[in-house]
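# An overview of the molecular structure
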Amino acid sequence: MTAIEELLRNNVKWRNEKERVQPGFFSALAKQQRPRFLWIGCSDSRVPANEIVDLPPGEVFVHRNIANLVVHSDLNCLSVLDYALNTLEISEVIVCGHYGCGGIAAGLRDDPSQSLVEHWVRHVRDISKFYREELDSQPCEVTRARRLCEINVAVQVVHLRQNPIMADITRRREVRVHGLIYDVADGLLHNLTHTVEGLRARDPSCRIGGK
Ligand code: CO
């Protein structure tokens, strides 16, 4: 059996089980999607959005990229954000980072690689430079990388809150932006409210923007 044949077989099994437990599940979903959450996460294969929060298809609108970045000029991310807020009318937005993130580790390395991905990782490198003092105060490389994973989420939350699409929608209704971090080593998600608020307290430019 080829890899794709295996996937197709798995799909039929999964689909049949879903219909057995909840008859009409797919025909109901086909009529419309009404997700409650927008998820902006890392492309890492160990952090599948729906699965780690145990939500079925139809509940999470997802955007993923290396190191879960909200880059101001990323048309892909901006389109997802615009559609999620203005068409799907989602009110809960999540930025989810994860410990052990390869993109974050690459952004911390002193010797930038020559590969294309370095162009993307440069956003992380900029954050690591900006928060160098706090990162240098960490006792070892492991905790430094973990702390940058957290700070990166907080920075992306601030980017979202300051985004013009977000600013426009929050004049009309409430949208909440949450920063979470997932530990691939134990499968647990943690709220980063403290880190986000810490960032806002320290840096005046982070205070502008919504909730
Ligand atoms: Co990652």
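Described in the following lines is the structure provided in the data block. Position numbers for residues count from 1 along each chain, tracking the sequence in the order it is written. Given that this is a predicted model, residues contribute local features only at a pLDDT of at least 70 and side-chain atom pairs are listed and counted only at 80 or more, while totals for whole chains, interfaces and linings are drawn from all residues. Note that water and hydrogens are dropped before the side-chain values are worked out from all heavy atoms of the structure.

## Considerations on unusual backbone geometry
Stated formally: Helix and strand assignments come from DSSP, with helices taken as H or I runs of at least 4 residues and strands as E runs of at least 2, each series counted from the N terminus. Partly exposed describes any residue whose relative accessible area lies between the buried limit of under 20% and the exposed limit of over 50%, with all areas from a 1.4 Å probe on protein chains only and scaled to the type maximum.
With phi around 55°, D54 is a residue other than glycine that occupies positive phi space. With respect to the helices and strands, the residue D54 is situated in the loop between α3 (49-52) and β2 (60-65). Positive phi is not limited to glycine here, since N68 has a value of about 40°. Within the secondary structure, N68 is located in the loop between β2 and α4 (75-87). According to the relative accessible area criterion, N68 is buried, its value standing at 2%.

## A few points about the sheet that holds strand β5 (residues 188-191)
What counts here: A pair of strands is considered paired only if DSSP assigns at least 2 bridges between the two. Every axis corresponds to a line fitted to the C-alpha atoms, with the helix fit spanning only the stretch in contact, and the corresponding angles, defined between N-to-C directions, vary from 0 to 180 degrees.
Spatially, five strands are ordered β2-β1-β3-β4-β5 in an open sheet, and the strand pairing comes out mixed. Edge positions in the sheet fall to β2 and β5, since each of these pairs with one other strand and no more. Adjacent strand axes in the sheet meet at a mean angle of 25°, parallel and antiparallel pairs treated alike. As paired elements, strand β4 (residues 176-183) and β5 share four bridges and run antiparallel to each other. Note that in β5 the partner of L180 across the bridge is N191.

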